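Spelled out, the chains give:
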Amino acid sequence: SGAGETTRPMIQTKDKLVGAANFKRVNPLSDRFDVKKFHHIEVFCGDANNTYRRFSAGLGMKLVAKSDNTTGNSAYSSYVLNSGDLTFAFSAPYGLSPEGPQGEEEEREKAGLPNPGFDGEDAHAFFRKHGLAVKAVGVLVSDAEEAYNQAVANGAVGKLKPTLRKPTSADEPEGEMMLSEI
């Protein structure tokens, strides 16, 4: 931009972008449920420990949570990095075996998995096909059951029905959350 130029407000037309002042967050014609914000991005990888450490060093993000063999998770490892509003989860399945908590959601829940919808075979297949890649985008909503039901009613494929998650040990933060996946 040259000297003396001024910035003009964007004008909304059919062929131009809408300026921030004209942006509408709520659209009753398309919004099916109340979305608060993006919560996290989950990346599937072959080695979650190595991958999270590289991202942490490269981006200066701090480790804020983990689930792996040391926490009683024998199906997969997952490490969560955070910086401000940005949260990444890096997850990798352990080897496939009949001993692992595969099968029905109730069995996975009994096995102490933080995400009862985790499927080791699906995770392996995803990683073989895509390599290091985003597998999930977490969205914080007002009502997870309503969001799940609305999404499925409008064509989404349900992966995990709404499931209430509570702390399983005194080391975990207090509170609970409703988790669902499509």
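Anyway, here's the lowdown on the structure attached to this text. All figures in this text were calculated on a predicted structure; none of them were measured in a lab.

Some words on the environment of D68
By secondary structure assignment, the location of D68 is in the loop between β2 (62-67) and β3 (76-83). As a C-alpha pair, D68 and Y94 span 26 residues in sequence and 9.5 Å in three-dimensional space. Not counting residues within four places of it along the chain, the set of residues in contact with D68 comprises N73, Y76, S77, Y79 and Y94.

Quick look at the pairing of strand β4 (residues 86-93)
Taken residue by residue, a regular strand's side chains alternate between the two faces of the sheet. With respect to burial, β4 is a largely interior element, seven of its eight residues being buried. Summarising the sheet, strand β1 (residues 35-44) and β4 pair through four bridges and their orientation is parallel. Note on β4: the bridge partner recorded for I41 is F88.

Description of the packing of aromatic side chains
Following the criterion strictly, the structure yields seven aromatic pairs and no others. A ring pair is formed by Y52 and Y79, whose centres lie 4.6 Å apart and whose planes are at 20 degrees; its orientation type is stacked. Of this pair, Y52 sits in helix α1 (residues 48-59) while Y79 sits in strand β3, placing them 27 residues apart in sequence. Owing to a relative accessible area of 8%, Y52 belongs among the buried residues under this scheme.

Some words on the pattern of salt bridges
Under the criterion given, the structure shown has four salt bridges. In this structure, the salt-bridge partner of E181 is K159, at a minimum N-O distance of 3.8 Å. On the criterion of sequence distance, the pair formed by E181 in strand β7 (residues 177-181) and K159 in the loop between α4 (144-153) and β6 (160-165) is long-range, its members being 22 residues apart. For E181, a relative accessible area of 19% puts it in the buried group. Where salt bridges share partners, they join D122, K135, K159 and E181 into one cluster.

Regarding the nonpolar core
Of all hydrophobic cores here, the largest spans ten residues; its members are V43, C45, A48, Y52, M61, Y79, L81, F88, F90 and A92. Broken down by secondary-structure element, the contributors of at least two residues to this core are α1, β3 and β4. If sequence neighbours within four positions are ignored, C45 has contacts with T51, F90, S91, A92, P93, F127 and L132. Listed in part, the eight residues of the second largest apolar core include F44, A75, Y76 and F118.

Structural notes on helix α3 (residues 120-130)
In an α-helix, one turn spans 3.6 residues, which is why side chains three or four residues apart end up on the same side. Within the span of α3, buried status applies to G120, A123 and F126. Buried positions in α3, seen along its axis, are confined to an arc of 125 degrees and lie on one side of it. In α3, those exposed residues whose orientation departs by more than 90 degrees from the buried face are E121, R128 and K129. Those residues of α3 that are buried lie in contact with β1, β4 and β5 (133-141). Positive phi appears at G131, one or two residues downstream of α3, with a value of about 70 degrees.

A closer look at α4
Residues A144, A147, Y148 and A151 constitute the buried set of α4. Taken end-on, α4 shows its buried residues confined to a sector of 100 degrees, consistent with a single buried face. Of the surrounding secondary structure, the elements contacted by the buried residues of α4 are β5, β6 and β7. N-cap assignment for α4: the residue whose side-chain oxygen lies 3.0 Å from the backbone N of E145 is D143. Within two residues after α4, G155 carries a phi angle of roughly 110 degrees, on the positive side.

With respect to the environment of E146
Counting through the fold element by element, E146 comes out in helix α4. Counting along the chain gives 114 residues from E146 to R32, while the straight-line C-alpha distance between them is 9.0 Å. In contact with E146, other than residues within four places in its own chain, are R32 and F33.

Parameters and conventions
- Residues numbered from 1 in each chain as written.
- Predicted model: local features only at pLDDT ≥ 70, side-chain atom pairs only at ≥ 80, totals over all residues.
- Heavy atoms only, no water.
- Helix = DSSP H or I, 4+ residues; strand = E, 2+ residues; numbered from the N terminus.
- Contact = heavy atoms within 4.5 Å.
- Buried < 20%, exposed > 50% of the residue type's maximum accessible area, 1.4 Å probe, protein only.
- Pairing = 2+ DSSP bridges.
- Phe/Tyr/Trp six-rings, centres within 6.5 Å; stacked < 30°, edge-to-face > 60°.
- Salt bridge = Lys/Arg side-chain N within 4 Å of Asp/Glu carboxyl O.
- Core = buried A, V, L, I, M, F, W, Y, C linked by side-chain atoms within 4.5 Å.
- Arc of directions from axis to C-beta.
- Polar contact = N/O pair within 3.5 Å; in protein donor to acceptor, adjacent residues only side chain to side chain.

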